[in-house]
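Descriptive structure summary
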Amino acid sequence: MLKLYGFSLSNYHNKVKFVLLEHGIAFEEVCVVPIPHQDPAYDALSPLGKVPFIETEHGPLCESTPIVEYLAAMHPDKPILPADPYAAAKQRELITFMELHLEWVARELYPKAFFHTDISEGTKQRVQRKLQRHLPAFK
Ligand SMILES: N[C@@H](CCC(=O)N[C@@H](CS)C(=O)NCC(=O)O)C(=O)O
């Protein structure tokens, strides 16, 4: 059975888990928290030390979007990705927007959100400026 490794605070882990649950694909979830140090036992499965990663009948696979695309290719009967090429590309466009221009920017605030670590005014203003510029794209 497919194994999904990661932890529930990770957006990327949840992106893959959501697809598995939504489409009724059987999987086993293994809790792996890569911060601050990944267990070296997982190096061969996730060379960059990031989650999520999966173990498949074909071998290990990292990166949430390629994982979702693999699931879609393995389950052509399930409407995981749009069949229409333009609709599929627009979906990838939205995923890329969210990853690079929303989540990646907001990540600078995670130390405050998760660990109550102070963040400089400069960082807050930089994040705010970038998000104000990018957010209209999500309307
Ligand atoms: N592009 C990756 C991002 C994965 C990612 O950044 N995961 C975080 C947890 S949310 C992680 O493993 N961080 C640990 C690290 O970067 O060392 C994906 O889509 O799977």
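**Observations regarding the sheet that holds strand 2 (residues 27-31)**
An order of 2-1-3-4 is seen for the four strands of this open sheet, with the pairing classed as mixed. In this open sheet, the two edge strands, each paired with only one partner strand, are strand 2 and strand 4 (60-62). Direction aside, neighbouring strands of the sheet carry axes that sit 20° apart on average. Summarising the sheet, strand 3 (residues 53-55) and strand 4 pair through three bridges and their orientation is antiparallel. Each bridged residue has a counterpart across the sheet, and for F53 the counterpart in strand 4 is C62. Helix 1 (residues 11-22) rests against strand 1 (2-6) and strand 2 of the sheet, and its axis sits at about 150° to strand 1. The sheet strands contacting helix 2 (residues 64-74) are strand 1, strand 3 and strand 4, and the helix crosses strand 4 at an angle near 130°.

Procedures and definitions
- Throughout, a residue's number is its position along its own chain's written sequence, starting from 1.
- Only residues with pLDDT of at least 70 get local features here, since the model is predicted, and only at 80 or more are side-chain atom pairs given and counted; chain-wide, interface and lining totals rely on the full set of residues.
- Each side-chain value is derived from all of the structure's non-hydrogen atoms; neither hydrogens nor water enter the calculation.
- A strand pair is defined by DSSP finding two or more bridges across the two strands.
- A run of DSSP states H or I qualifies as a helix once it reaches four residues; a run of E qualifies as a strand once it reaches two. Both are numbered from the N-terminal end.
- Interaxial angles span 0 to 180 degrees and are taken between N-to-C directions of axes, which are lines fitted to C-alpha atoms, for helices over the stretch in contact.
- Only heavy atoms enter the contact rule, under which two residues are in contact if any of them lie within 4.5 Å.

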